[in-house]
Amino acid sequence: VATTPSGDPTATGRLATDPQATAALLVEALPYIRRFRDKVVVVKYGGNALSDGAGGEGRALASFAEDVVLLRSVGVLPVVVHGGGPQIGDLMRRLGKESEFRDGLRVTDAETLDIARMVLVGKVNRDIVSAINVHGPLAVGLSGEDANLITAAAHSVELGYVGSVSEIDPTIVVRLVAEGLIPVLATIGADEAGQAYNINADTVAGAVAVALGAEKLVFLTDTEGLRADPADPSTLIRQAGAADLDALVAAGAASGGMAPKAEACADAVRAGVDRAHILDGRVPHALLLELFTDGGVGTMVVR
Ligand SMILES: Nc1ncnc2c1ncn2[C@@H]1O[C@H](COP(=O)(O)OP(=O)(O)OP(=O)(O)O)[C@@H](O)[C@H]1O
Ligand SMILES: [Mg+2]
């Protein structure tokens, strides 16, 4: 993985002026298109990628939607799982409520759960579904409560209504995908009694990828990938095995929001997902560059 074409802001201009380069790029994509045809690719779209994208939220989201629709159009089966941490934080602030975090997880009382659920299911999920459906009747939004997709349990007593995944029932997602639709999942789960929990979206994305037997799991976040030293961009890890990630997490190198991603990648490839990736979702079309070009971007995780 030598090149990173993603950072090249002139890429589009080059294509427009050099037809041969455009043709070469399309031909380069061909083996990848054939390889991923009819394969499920789970994409976790982080709340940070959504809000920090170049040109503001609208542009980042529109570019993400184009990528997902293009994937679907060439026969890939995308399933989107989204976060929304910054958006929950925004509404909390507007309502004058303090956010409190422990080990990267938001302490969630009943009121915070209501806010998280409203923001994730009622706002972020709708925004993503609408952005995709500008291109046609493709996306269907779901909460993990729908059709018992995500059964949750309390993560720990101190965190309140923060959930962990007890079970994923992918039936509804499989049905939607079989109909040619693009499921977009908000990561609220419910326990057997119907109590809702807010669950970390990285953890859900990993569990959904495993439950669906996905080919790929892709995290779109707000850094270029996993760093051996979180503070040093030159320590970007281009490729890692599951055991390498375990070691990094154990050593505390993947902290805060990166820890659940590293864990989800390691668990997913161990459970048979072919590859997992952590990419900078703020880079326009990062998803296409990773899937359809020879030069990968970000961190690739293999078994
Ligand atoms: N080793 C590391 N390498 C890279 N980033 C790291 C590392 N350790 C911690 N981080 C932090 O993890 C952050 C990404 O996780 P974060 O939870 O903030 O975003 P997200 O999961 O994409 O969004 P959301 O939580 O809304 O879904 C980075 O911005 C960075 O500050
Ligand atoms: Mg996060």
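Keep in mind the model is a prediction, meaning the values are calculated, not measured. (Residues numbered from 1 in each chain as written. Chains lettered and ligands numbered in written order. Predicted model: local features only at pLDDT ≥ 70, side-chain atom pairs only at ≥ 80, totals over all residues. Heavy atoms only, no water.)

Around ligand 1 lies a shell of 22 residues, among which Lys44, Thr221, Asp222, Arg227 and Lys261 are the nearest. Thr221 is positioned with one of its side-chain polar atoms (N or O) 2.7 Å from an oxygen atom of ligand 1. One of the side-chain N or O atoms of Asp222 is found 2.6 Å from an oxygen atom in ligand 1. Protein burial of ligand 1: of its 640 Å² of free accessible surface, 80% is covered by the chains. (Near = heavy atom within 4 Å. Polar contact = N/O pair within 3.5 Å; in protein donor to acceptor, adjacent residues only side chain to side chain. Areas by Shrake-Rupley, 256 points an atom, 1.4 Å probe, with all protein chains shown as cover.)

All of the buried residues along helix 5 (residues 85–94) are Gln87, Ile88, Gly89 and Met92. Once helix 5 finishes, Gly96 follows within two positions and takes phi at roughly 70°, a positive value. (Buried < 20%, exposed > 50% of the residue type's maximum accessible area, 1.4 Å probe, protein only. Helix = DSSP H or I, 4+ residues; strand = E, 2+ residues; numbered from the N terminus.)

An order of 5-8-2-1-11-13-14-12 is seen for the eight strands of this open sheet, with the pairing classed as mixed. Whereas interior strands pair on both sides, the edge strands pair on one side only; in this sheet they are strand 5 (139–143) and strand 12 (239–241). This sheet shows a mean twist of 20° between the axes of neighbouring strands, independent of strand direction. Pairing between strand 1 (residues 40–45) and strand 11 (residues 216–221): five bridges, direction parallel. Paired with Lys44 across the bridge in strand 11 is Phe219. (Pairing = 2+ DSSP bridges. Axes fitted to C-alpha atoms, helices over the stretch in contact; angles between N-to-C directions.)

Where charged atoms from two side chains of opposite charge come close, those side chains can pair. Applying the stated criterion across every chain yields a total of 15 salt bridges. Residues Arg93 and Asp90 are paired through a salt bridge, measuring 2.8 Å at the closest nitrogen-oxygen approach. A residue pair is termed a helical-turn pair when its members lie 3 or 4 positions apart in one helix, as Arg93 and Asp90 do in helix 5 at three residues. One salt bridge in this structure joins Asp280 and Arg282, with 2.8 Å as the shortest N-O distance. Taking the relative accessible area as the measure of exposure, Asp280 reaches 12% and is therefore buried. You can call Arg282 partly exposed: its relative accessible area is 30%. One continuous salt-bridge network, built from bridges that share partners, spans Arg35, Glu215 and Asp274. (Salt bridge = Lys/Arg side-chain N within 4 Å of Asp/Glu carboxyl O.)

Right, let's get into the nonpolar core. Formed by 47 residues in total, the largest nonpolar core has its most connected members in Tyr45, Phe64, Ile132 and Phe292. Tallying contributions element by element places helix 6 (residues 110–133) first for this core, with ten residues. Formed by 45 residues, the second largest nonpolar core is a distinct cluster that contains Ile150, Leu185, Ala253 and Ala268. (Core = buried A, V, L, I, M, F, W, Y, C linked by side-chain atoms within 4.5 Å.)

Looking at the largest pocket, its volume works out to about 1100 Å³. With eight residues, the single largest contributor to the lining of the largest pocket is helix 10 (residues 258–270). For the lining of the largest pocket, the residue count by class is 18 nonpolar, 21 polar and ten charged. (1 Å grid on protein atoms, 1.4 Å probe; cavity = no way out; pocket = protein on both sides within 12 Å on 5 of 7 lines; lining within 4 Å. Points joined across faces, edges and corners; volume = space filled by probe spheres on them. Nonpolar A, V, L, I, M, F, W, Y, C, P; charged D, E, K, R; others polar.)

Considering the arrangement of structural elements, one finds Gly180 in the loop between helix 7 (171–178) and strand 8 (182–186). Separated by 105 residues in the primary sequence, Gly180 and Gly75 place their C-alpha atoms 9.1 Å from one another. Among all residues touching Gly180, those that are not within four sequence positions of it are Arg72 and Leu138. (Contact = heavy atoms within 4.5 Å.)

This part covers unusual backbone geometry. Notably, Asn148 is not glycine yet its phi reads approximately 55°, a positive angle. Mapping Asn148 onto the fold places it in the loop between strand 5 and strand 6 (150–154). The backbone of His285 shows a phi angle near 65°, a positive value even though the residue is not glycine. Checked against the element boundaries, His285 lands in the loop between strand 13 (275–280) and helix 11 (286–292). Classification of His285 by relative accessible area gives partly exposed; the value is 26%.

Here we take up empty space enclosed by the protein. Tallied over the entire structure, the rule returns one cavity of 30 Å³ or more. Approximately 60 Å³ is the volume attributed to the largest cavity. In terms of lining, the largest cavity is formed by Tyr45, Ala60, Ser63, Phe64, Asp67, Leu220, Gly281, Val283, Pro284, His285, Ala286 and Leu287. For the lining of the largest cavity, the secondary-structure elements that each account for two or more residues are helix 4 (56–73) and helix 11. Examining the composition of the lining of the largest cavity, we find that four residues originate from one element, helix 4, more than from any other. Each residue belonging to the lining of the largest cavity can be placed in one class, and the counts come to eight nonpolar, three polar and one charged.

On to the packing of helix 9 (residues 242–250) against helix 10. Close contact between helix 9 and helix 10 brings their axes to 9 Å; oriented N to C, the two are set at 155°. Judged by the inter-axis angle, helix 9 sits roughly antiparallel to helix 10. Handedness of the crossing formed by helix 9 with helix 10: left-handed. Mapping the contact onto sequence places Ala242, Ala243, Leu245, Asp246 and Val249 in helix 9 and Ala259, Ala262, Glu263, Cys265, Ala266, Val269 and Arg270 in helix 10. Here the contact of helix 9 with helix 10 is composed, by residue class, of nine nonpolar, no polar and three charged. (Parallel < 35°, antiparallel > 145°, perpendicular 65-115°, else oblique. Left-handed = near helix turned anticlockwise from the far one by under 90°.)

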